[in-house]
Amino acid sequence: MDLWVSLTITGELDQVVFNGLFQLKRFCDIYNSVVFSFSGSPYQPIIEELRNYPQKRFYNVSKLGGTKYDILPYSIRVLFESSIRNCDGFLVKETDAMNILDWKTKQNDVEVPFCPARVVLQDFTGIPAMVDFAAMREAVRNAGGDPVKVNPACPTDLTVDHSLQIDFSKCAIQNAPNPGGGEAQKLTAAKLSPLKGQPRKLPCRGQSSCKGPCSAGELSRASGQFSAQIENTPILCPFHLQPVPEPETVLKNQEMEFGRNRERLQFFKWSSKVFKNTSIIPPETGMAHQVNLEYLSRVVFDVKDFLYPDSVVGTDSHTTMVNGLGILGWGVGGIETEAVMLGMPVTLTLPEVVGCELTGTASPLATSIDIVLGITKHLRQAEVAGKFVEFFGSGVSQLSVADRTTIANMCPEYGAMLSFFPVDNVTLKHLKHTGFDEAKLEVMEAYLKAVKLFRNDESSSREPEYSQVVQISLSSIIPHVSGPKRSQDRVAVNNMKSDFQTWFQIAAEKQNDIVPVQYEGNQYELSHGCVVIAAVISCTNNCNPSVMLAAGLLAKKAVEAGLEVKPYIRTSLSPGSGMVTHYLSSSGVLPYLSKLGFEVVGYGCSTCVGNTAPLPEAIRNAIKQGDIIACGVLSGTKNFEGRLCDCVRANYLASPPLVVAYAIAGTVRIDFETEPLGTGVNGRSIYLRDIWPTRKELHTVEEECVISSMFKELKEKMEKGNKRWNSLEAPESPLFPWDLKSTYIRCPSFFDKLAKEPVSPQPIENAHVLLYLGDSVTTDHISPAGSIARSSAAAKYLTNKGLTPREFNSYGARRGNDAVMTRGTFANIKLLNKFIGKPAPKTIHFPSGQTLDVFEAAELYQKEGIPVIILAGKKYGLGSSRDWAAKGPFLLGVKAVLAESYEKVHKSQLIGIGIAPLQFLPGENPNTLGLTGREQFSILFPPELSPKMTLDIKTSTGKVFSVFALFDNDVEITLYKNGGSLNFVARRFL
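Under an unreviewed UniProt entry, the chain has the name Iron-responsive element-binding protein 2 and belongs to Meleagris gallopavo. Turning to the chain, the UniProt annotation filed under Sequence similarities (unreviewed entry) states: "Belongs to the aconitase/IPM isomerase family." In the Subcellular location (unreviewed entry) part of its UniProt record, the chain is described as follows: "Cytoplasm".

S.K.: Explanation requested: the overall build of the chain in the structure shown.
M.R.: Helix and strand counts for the chain stand at 32 helices and 38 strands. Every one of the 990 residues in the chain was classed for burial, and the buried ones make up 62%. Sequence separation of 24 or more characterises 75% of the internal contacts of the chain that already satisfy a separation of 6 or more. Working note: accessible area of the chain is about 36700 Å², and carbon and sulfur atoms make up 50% of it.

S.K.: I keep staring at the side chain of Asp 157 and nothing clicks. Help me out?
M.R.: Mapped onto the secondary structure, Asp 157 falls in strand E7 (residues 156-159). Excluding residues within four positions of it along the chain, Asp 157 makes contact with Val 119, Val 120, Leu 121, Ser 279, Leu 296 and Arg 298.

S.K.: Is there a simple way to think about the pattern of salt bridges in this case?
M.R.: Between side chains of opposite charge, a pair can form as their charged atoms come close. Taken as a whole, this structure holds 30 salt bridges when the rule is applied. Note that Asp 883 is salt-bridged to Lys 887, the shortest N-O span being 3.0 Å. Of the two residues examined, Asp 883 and Lys 887, each falls in the buried class. Through salt bridges with shared partners, a single ionic network connects Lys 796, Lys 842, Asp 853 and Glu 856.

S.K.: Just to check I follow, could you spell out unusual backbone geometry for this structure?
M.R.: Note on backbone geometry: most residues besides glycine have negative phi, and most peptide bonds are trans. Of note, the bond from Gly 483 into Pro 484 is cis; its omega dihedral lies within 30 degrees of zero at 10 degrees. Looking at the secondary structure, you find Pro 484 in the loop between strand E20 (480-482) and strand E21 (490-492). A positive phi angle, close to 60 degrees, is found at Lys 452, a residue other than glycine. Within the secondary structure, Lys 452 sits in the loop between helix H14 (438-450) and strand E19 (468-473).

S.K.: Teacher, can you tell me more about the packing of aromatic side chains here?
M.R.: Any aromatic ring pair is given by two values, namely how distant the centres are and how the planes are angled relative to each other. This model, assessed by the stated rule, comprises 26 aromatic pairs. Ring centres of Phe 58 and Tyr 447 lie 5.5 Å apart, and the angle between their planes is 85 degrees; on these two criteria the pair is classed as edge-to-face. Residue Phe 58 is found in strand E4 (residues 53-59), and its partner Tyr 447 is found in helix H14; the two are separated by 389 residues along the sequence. When the ring of Trp 270 is compared with that of Phe 736, the centres are 5.0 Å apart and the planes differ by 65 degrees; the resulting orientation is edge-to-face. Placement of Trp 270 in helix H8 (residues 262-274) and of Phe 736 in the loop between helix H24 (723-726) and strand E30 (764-772) is noted, with a sequence separation of 466 residues between them. Using a relative accessible area of 0% as the deciding quantity, one classes Trp 270 as buried. Through a chain of ring-to-ring contacts, the aromatic side chains of Phe 133, Phe 267, Phe 268, Trp 270, Phe 275, Phe 736 and Trp 738 assemble into a single cluster. Directly above the aromatic system of Trp 725 lies the positively charged group of Lys 269, at a separation of 5.3 Å from the ring centroid.

S.K.: How do you make sense of the environment of Ile 280 when you look at a structure like this?
M.R.: Relative to the helices and strands, Ile 280 is located in strand E10 (residues 278-281). For Ile 280, a relative accessible area of 12% translates into the label buried. Put simply, Ile 280 and Thr 159 are 121 residues apart on the chain and 5.9 Å apart in space, counted from C-alpha to C-alpha. In contact with Ile 280, other than residues within four places in its own chain, are Leu 158, Val 160, Phe 268, Ser 272 and Trp 725.

S.K.: It is not clear to me how helix H10 (residues 334-341) should be interpreted in this structure. Could you clarify?
M.R.: Owing to its 3.6 residues per turn, the α-helix brings residues three or four apart onto one side. For H10, a buried count of eight out of eight residues is recorded, marking the element as mostly surrounded by other parts of the structure. Among the residues making up H10, those that are buried are Gly 334, Ile 335, Glu 336, Thr 337, Glu 338, Ala 339, Val 340 and Met 341. Just beyond H10, the residue with positive phi is Gly 343, at close to 95 degrees.

S.K.: How do you make sense of the sheet that holds strand E14 (residues 328-331) when you look at a structure like this?
M.R.: The strands making up a sheet associate through hydrogen bonds between their backbones, and the pairing can be parallel or antiparallel. Ordered by their spatial adjacency, five strands build an open sheet running E10-E7-E6-E13-E14, and the pairing between neighbours is parallel. Each edge of the sheet is formed by a strand with only one pairing partner; in this case those strands are E10 and E14. Strand-to-strand twist in this sheet, taken as the mean axis angle between neighbours without regard to direction, amounts to 20 degrees. Looking at chain direction, E7 and E10 are connected through four bridges and run parallel. Each residue of the ladder has a partner; that of Thr 156, found in E10, is Thr 278. The strands touched by helix H6 (residues 123-142) within the sheet are strand E6 (118-122), E7 and E10, with E6 carrying the most contacts at an inclination of about 110 degrees. Here H10 sits on the sheet in contact with E6, E7 and strand E13 (311-314), set at roughly 140 degrees to E6.

S.K.: I would appreciate a short explanation of helix H3 (residues 74-85) in the present structure.
M.R.: Helix length check: H3, at 12 residues, gives a terminal C-alpha distance of 17 Å against a target of 16 Å (1.5 Å per residue), a fit within 8%. Taken together, the buried positions of H3 are Tyr 74, Ser 75, Ile 76, Arg 77, Val 78, Leu 79, Phe 80, Glu 81, Ser 82, Ser 83, Ile 84 and Arg 85.

S.K.: What should I look at first to understand the sheet that holds E19 in this one?
M.R.: If you trace the four strands from one edge of the open sheet to the other, you get E18-E17-E16-E19, paired in parallel fashion. Where the open sheet ends on each side, the last strands, each with one partner, are strand E18 (418-420) and E19. The sheet shows a mean angle of 25 degrees between the axes of neighbouring strands, taken without regard to direction. Relative to strand E17 (residues 388-392), strand E16 (residues 353-359) runs parallel, the two being bridged by five bridges. Its bridge partner being in E17, Val 354 is matched across the sheet by Val 389. Its contacts with the sheet put H3 on E16, E17 and E18, and the angle it makes with E17 is roughly 125 degrees.

What counts, and where the lines are drawn
Residues numbered from 1 in each chain as written. Predicted model: local features only at pLDDT ≥ 70, side-chain atom pairs only at ≥ 80, totals over all residues. Heavy atoms only, no water. UniProt positions renumbered as here; feature names shortened; annotations may be inferred. Helix = DSSP H or I, 4+ residues; strand = E, 2+ residues; numbered from the N terminus. Buried < 20%, exposed > 50% of the residue type's maximum accessible area, 1.4 Å probe, protein only. Contact = heavy atoms within 4.5 Å. Areas by Shrake-Rupley, 256 points an atom, 1.4 Å probe, with all protein chains shown as cover. Salt bridge = Lys/Arg side-chain N within 4 Å of Asp/Glu carboxyl O. Phe/Tyr/Trp six-rings, centres within 6.5 Å; stacked < 30°, edge-to-face > 60°. Lys NZ or Arg CZ within 6 Å of the ring centre and 35° of its normal. Pairing = 2+ DSSP bridges. Axes fitted to C-alpha atoms, helices over the stretch in contact; angles between N-to-C directions. Expected span 1.5 Å × (residues − 1).

Shown next as structure tokens:
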């Protein structure tokens, strides 16, 4: 029987008293044994029973504020409910709740706390968070505290999804099973068409578990369903729909993943055993944001019959995907996430909310990616950086939840903090189809309507008021790709040829250069614009079956027409979860994708984060010999320069069917309207329009294949784990037994100087500039996630530890080792340091005049006792949230960054680790101030810091100028004074 503890509080709380009460409440929450509440909250009177469900209770926030509440954007209503429910007079005050209610007049003027319902981590950014927790336990023990108290207070889910690398693909595995079975033979439409009439009874792909022709899995045309039972294994025989072993590529990549990441996985297994309120989703389950959407999302929390909205923050920038399901969520840095995991709120400036009104209907050829990129363009022009975006209008109800989540997933690319689609009838219908419990759905609908969080087009209630409204007509959107270097650079597909020439300015006499190359005994020709990497990644698209099915159906029609993909093109299919493989298998399109080279290589982030196997040596040599501008085409969300491969200069983001189309064409310099993709059977020219699937075809296959049973099977798979994970051994001691020989897991040095009381900010005197950078320096430039270059400082460290280059793994996989990550900071080959004048991870050590690796120079400065700072241009820290982009510079000895502007999340991360973010005054920059970066800089902090104050900087040449100290609120000042959020939180346990 549950124990309810109610404590009535009167008057203001002393901080020491509050801390004790807070720790008691944390204990109750963590061990789930006692429901503990501060019943002195001024909002207790609005707790009500839900109509028709008297056992359910909730804060009826719609009764507060009258019309003020009714005109709030839906996303702000979620913030308001959280502030009411968590109001404790200390972390969340009554004035905070009232400021949110007065959003219309207080936006951009006040800071408000937000307590999310849960936290989602992925392993690249999750492992440093969990390592920090383990190190914090060690530090608390050393300082005389109880380490067992160090646990996440906020429900935390960590998905191991970023460790997959493509070691094997169809190009790398010769003699891959023939989709038709038996001898290699021409695949005719009659043999490869389970969707048309009665399929021929052929043997299955040469797999040992299939005993030849069978009838158990034939299509039941009367029912419109496949009669085969879908098992836990996600791959089905494409002709008989019977379970078969997974393709050789998947199994080999999985084996490599578990082999190279064993130490990390054992650490995660230990974490799942010793930390309360923490769950680990094992490898090969799916991507963090996809698992968050399909499996972890509640929409409405029901904790001991108390209801409140689901909300989440995560260390993955694609956490915003859940906004499409009506769940408020966004990506934050690992440092802020760790504070949330310990029960602290996220603090944010009460944001502007841009209302995005969608009208009209999209073109039949426009996929969700086209809609996403169309909206991205409009919202970038509307300057929505750091703002909430909320969608409304007649066009919203025409978008499926899959469409919405795809749009919401890309919101970091247009700079918005989140992109919110309120729950409506489309949402409820989607949840019902995916196997959501109907009784829970009824409670969910009743609750959301009671607190006015349910959107209804047919309702006569007034629309919310927004800071501004952006109108977008879906009918104006046409197919586009993004590239060749930045995701915001959109190119209409029919303008690709001319745009390619505009970007690269190839001389007229060289535009038609051809380099012959021998590959696998055949002669091929490479030219400018040739495609050498084509990756169908469902990172953005697996939540939307239509675009992945479109790629499969296009592949099916292409194979039937006799089209092929050149074998030297590095093709791959990386589904975000088993669900994608399920519906590609059950729809019968998987063998066609495989026939064109798009075999399933595994589940997790791969090409998108730079984990691509090297191109064949002959192809690399030919590209370099002819100075060919080769291309990569992928259906992900990131195409930063140099990310895919150092010899691939042009990278395009495209929808999955267009990735397949460009792979077939072999070049991006093609006009699909007037030029054929290739020559089919009987020598007939085949155009894109001949094989592009219609919306009717997509809808039919989607209805037949994407069914609730698939979601049910996937949920069972997630809960059961897999054999490799289940058999993995891990320690169970409350303190992690650090292995001093480990190159994956090290106890970091963030807590080395932990004391009970913080010291006041120290002046930065005579600092040298470590790096002088330009505009749009991304977190990928600062802390790369891809492979470790053999000539890098990190490679030297690993080599000295006895590792071979094959054992280096990636930076992302080694984020639990601060020695590797510090050496990897600013190690991106495309980093442009103005001191050097060309892309290279190098800088100048000014006392000696030497040109060194960035780490080596920083190490010398630290030995000499000289502080360093960074000079940068606009939008410093752009891109994915990455905590090592702050931790790395901190361990290099960086005391401050001086830039023209920052990406908001990264600025918060700098403060969270103890680096001062300084900003030039409007209209000023190093050039206008006559700075070369070779000066020494002195910065004096006053005894008392205040939000958004100005500081004076004096250089060794005698120049004095003022800058903004970008501390937005008292919380950020407190964190900076404590040396960052990690030390601030650790002190709570002392």
